[in-house]
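Structural description and commentary
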Amino acid sequence: MSLSLASPAKIALGITEACPLRCVHCYADCGEQPKPGELDLPAWLRVVDELVADGVIQFYIEGGEPLAKPGFLHLLARCARDAMTLLRTHGTLIDEPMADALKAAGLGRVLVDLMGADAATHERFTGVPGSFASACAGVRRCVARGIPADVLVILTRQTAPQLNAVLRLAAGLGAERVGVLRLYPLGRARRIWAEIAPSLAEQMAAIRGLEPPPGLGVMQSWHPNDHNCCWQSAAVNAFGRAIGCMYLREYADFGDVRAVRHLDIWRHHPLYRHLRSGRVERACADCSASQGSDGGCRAAAYAFHGRWTAPDPFDEDLNDGVDLRVLPERLALLA
């Protein structure tokens, strides 16, 4: 099945790798201060102007912690002027004035990460006491102002037994949906992989055991919902590099959007074009039928197999005996 776009309709902007939390699993290995070479506000505004001119109609803003970026609200308002805006945040910086400012800037949806259904589990990951209560309060404040809210939770050994509790918590906070996300071997997560990575059987049991409260939507990408989203994916990291998808942050670099317009990178970079072609070694018939794409996640496939066309080991029909609790040697050496 082949899907194609002449230009990206939506794009993720990882605007900073600064964050006040100390998450033990942080994919970007963030610190409290911005890293050298991060794009400043004027540079981001120029990038956004070009993206809008080239047809982007949705911005997914993340980090790091986007709210820690100097000039963030200005950038958000610029994005919201011409496009739907989504913000992924840990929520702890959304006090009452910030919630008002997000509403005024035109934020379309907020997605708040929770790493468990209680403070002990969440803060075991974030490393900051009080971050659980602050994150929950951030969701409530956005909902109170009419900003649609989702809760995101990464499926780990620690969160698996708590997923239904997370669903109930999210519903109580006023969230519309919960996104249950895969754990990826990126950044600091690699260093503690053996402690936090569940087997595929454990993951599938947790997904099949979900019991969302009435009215709460659930987003998840396990069988039969395993989606190869590369055909439509676009992302720019904090340093202005086009990387296709934030989960490809350590595997792909398609070029500097300050030197080459993103649309030109989209249309001409050989690897980017290959990933968007959807050509894979094998596909799951159920997932292809439900998602309209073949082969599942390319970041997961490359991480565990080292081949861009490989099957996605998170799909039970394509796993081929891969133990997701054990990193491939080349990734383990980077931990």
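Just above, that's the structure.
Residues numbered from 1 in each chain as written. Predicted model: local features only at pLDDT ≥ 70, side-chain atom pairs only at ≥ 80, totals over all residues. Heavy atoms only, no water.

1. Remarks on helix α3 (residues 96-105)
When α3 is considered as a whole, its buried residues turn out to be Met-98, Ala-99, Leu-102 and Ala-105. The arc that holds every buried residue of α3, seen down its axis, measures 130°, which confines them to one face. Opposite the buried face of α3, at more than 90 degrees from it, the exposed residues are Pro-97 and Ala-104. Where the residues of α3 are buried, they touch α2 (72-82), β3 (84-89) and α5 (131-144). A side-chain oxygen of the first residue of α3 lies 2.9 Å from the backbone nitrogen of Met-98; this N-cap is Asp-95. (Buried < 20%, exposed > 50% of the residue type's maximum accessible area, 1.4 Å probe, protein only. Helix = DSSP H or I, 4+ residues; strand = E, 2+ residues; numbered from the N terminus. Arc of directions from axis to C-beta. Contact = heavy atoms within 4.5 Å. Polar contact = N/O pair within 3.5 Å; in protein donor to acceptor, adjacent residues only side chain to side chain.)

2. Describing the nonpolar core
Ranked by size, the top nonpolar core spans 98 residues in total, and within it Leu-13, Phe-59, Leu-102, Val-110 and Val-180 carry the most contacts. In terms of residue count, the dominant contributor to this core is helix α1 (residues 41-53) (eight residues). Ignoring sequence-local partners within four residues, the contact set of Leu-102 consists of Phe-72, Leu-73, Leu-76, Leu-87, Ile-94, Leu-107, Cys-142 and Ile-147. Core analysis: the next-biggest nonpolar cluster, separate from the first, contains seven residues, Leu-21, Cys-23, Ala-28 and Val-128 among them. (Core = buried A, V, L, I, M, F, W, Y, C linked by side-chain atoms within 4.5 Å.)

3. Focus: helix α12 (residues 298-305)
With six of eight residues buried, α12 lies mostly within the body of the structure. Where α12 ends, the next residue or the one after it, Gly-306, has phi of about 75°, a positive value.

4. A few points about the pairing of strand β2 (residues 58-62)
One ladder, built from five bridges, connects strand β1 (residues 10-14) with β2; its direction is parallel. Each bridged residue has a counterpart across the sheet, and for Ile-11 the counterpart in β2 is Phe-59. For the segment spanning β1, α1 and β2, crossover handedness is right-handed. Where the polypeptide runs from β2 across α2 and back to β3, its parallel neighbour, the crossover connection is right-handed. (Pairing = 2+ DSSP bridges. Right-handed = clockwise from strand over helix to strand, strands pointing away.)

5. Considerations on the packing of aromatic side chains
The geometry of an aromatic ring pair is captured by the separation of the ring centres together with the interplanar angle, meaning the angle of the planes. In total, this model carries ten aromatic pairs according to the counting rule given. With a centroid separation of 6.2 Å and an interplanar angle of 75°, the aromatic rings of Tyr-27 and Tyr-247 are classed as edge-to-face. You can see Tyr-27 sitting in the loop between β1 and α1 and its partner Tyr-247 sitting in the loop between β9 (241-242) and β10 (255-256), a full 220 residues away along the chain. Judged by relative accessible area, which is 12%, Tyr-27 ranks as buried. Residues Phe-304 and Phe-314 carry aromatic rings whose centres are separated by 6.2 Å and whose planes lie at 75° to one another, so their mutual orientation is edge-to-face. Taken together, the residues span a long stretch of sequence, with Phe-304 in helix α12 and Phe-314 in the loop between α12 and α13 (329-332) at a distance of ten residues. When sorted by exposure, Phe-304 lands in the same class as Phe-314, which is buried. Each residue in the set Tyr-27, Tyr-184, Trp-193, Tyr-247, Phe-304 and Phe-314 is aromatic and connected to the rest through ring pairs, giving one cluster. The ring centre of Trp-266 lies 3.8 Å from the NZ or CZ of Arg-276, which sits over that ring. (Phe/Tyr/Trp six-rings, centres within 6.5 Å; stacked < 30°, edge-to-face > 60°. Lys NZ or Arg CZ within 6 Å of the ring centre and 35° of its normal.)

Note that every value here comes from positions in space, so none of it alone points to a role or purpose.
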